[in-house]
Amino acid sequence: RLLFAAVAVVLFVTAAQAAGTADLKAAQAAAEKGTGDEAIQLFTQALAAGDLSADDQLTARKGRGREYSAKSLIADAFNRQDDAKRLRDNAIADFSAVISAKPDDAAILIERGQAYHMNQQFDPAIADFGAALKLNSSPSILLQRASSQRAKGAYDGAIADCTAALASDAHD
């Protein structure tokens with residue numbers, strides 16, 4: 001009986017571990033197909049399974065954050081600002097979890113900065129774009145930070161970033 005119980009536990013644990021990985025793969029496939037609601041559900045299931053490796057957890061959070069961001073743009077298009085803000089808040093939470101583990105991920109800093117900007121949270125957007133610039137100086141990041149500065153009313157900073165973007169683009 002003890003041997004049977006041990007085998008049953010091993011089989012259950014193995015099946016549970018496979019569930020999170022299978023959900024992650026299915027979520028990535030759903031995201032690739034453009035079925036955002038399904039992708040979000042599957043990314044959430046994969047994370048809830050509790051058996052993903054640290055890297056797979058980050059992959060799931062990045063993917064789910066990107067799907068939330070995409071859905072927020074659709075909500076904006078249909079004048080559903082409350083839904084759009086909620087979706088972006090969810091994206092920000094996922095991106096923040098990734099940044100906590102990988103603070104040098106410039107792409108996620110930019111994506112979180114964009115979500116902050118769209119939620120009219122300009123100070124954190126400027127901070128994220130600034131952190132991304134330290135990792136990867138680029139005219140497009142400068143222009144995104146300039147846009148947040150302009151929206152905040154920090155016109156001198158916006159002009160400085162635009163000028164720097166033009167100067168760096170001329171050198172490239």
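Values in this document were obtained by computation on a predicted structure and should not be read as measured data.

What counts, and where the lines are drawn
- Residues numbered from 1 in each chain as written.
- Predicted model: local features only at pLDDT ≥ 70, side-chain atom pairs only at ≥ 80, totals over all residues.
- Heavy atoms only, no water.
- Helix = DSSP H or I, 4+ residues; strand = E, 2+ residues; numbered from the N terminus.
- Buried < 20%, exposed > 50% of the residue type's maximum accessible area, 1.4 Å probe, protein only.
- Areas by Shrake-Rupley, 256 points an atom, 1.4 Å probe, with all protein chains shown as cover.
- Axes fitted to C-alpha atoms, helices over the stretch in contact; angles between N-to-C directions.
- Parallel < 35°, antiparallel > 145°, perpendicular 65-115°, else oblique.
- Left-handed = near helix turned anticlockwise from the far one by under 90°.
- Contact = heavy atoms within 4.5 Å.
- Nonpolar A, V, L, I, M, F, W, Y, C, P; charged D, E, K, R; others polar.

Caption draft 1: Geometry of the overall build of the protein. Each helix and strand in the protein was counted, giving eight helices and zero strands. Taken from N to C terminus, the helices and strands of the protein fall in the order α-α-α-α-α-α-α-α. Looking at the protein as a whole, 37% of its 172 residues qualify as buried. Surface accessibility of the protein: about 9,900 Å² in total, with carbon and sulfur atoms responsible for 57%.

Caption draft 2: Spotlight on unusual backbone geometry. Although it is not a glycine, Asn79 sits at a positive phi angle of roughly 55 degrees. Tracing the backbone shows Asn79 in the loop between helix H3 (54-77) and helix H4 (81-101). Even without a glycine there, the phi angle at Gln120 is positive, about 60 degrees. Note on placement: Gln120 falls in the loop between helix H5 (106-118) and helix H6 (122-135). Gln120 sits in the exposed class, given a relative accessible area of 62%.

Caption draft 3: Here's a closer look at the packing of H5 against H6. Taken N-terminus to C-terminus, the directions of H5 and H6 make an angle of 160 degrees; their axes are 8 Å apart at the nearest point. As summarised for this structure, H5 and H6 are arranged roughly antiparallel, according to the angle between their axes. Once H5 is placed against H6, the crossing between them reads as left-handed. Here Ala106, Leu109, Ile110, Arg112, Gly113, Gln114, Tyr116 and His117 of H5 come into contact with H6, specifically with Phe122, Pro124, Ala125, Asp128, Phe129, Ala131, Ala132 and Leu135. For the contact of H5 with H6, the residue count by class is 11 nonpolar, three polar and two charged.

Nothing here speaks to function; it is all geometry.
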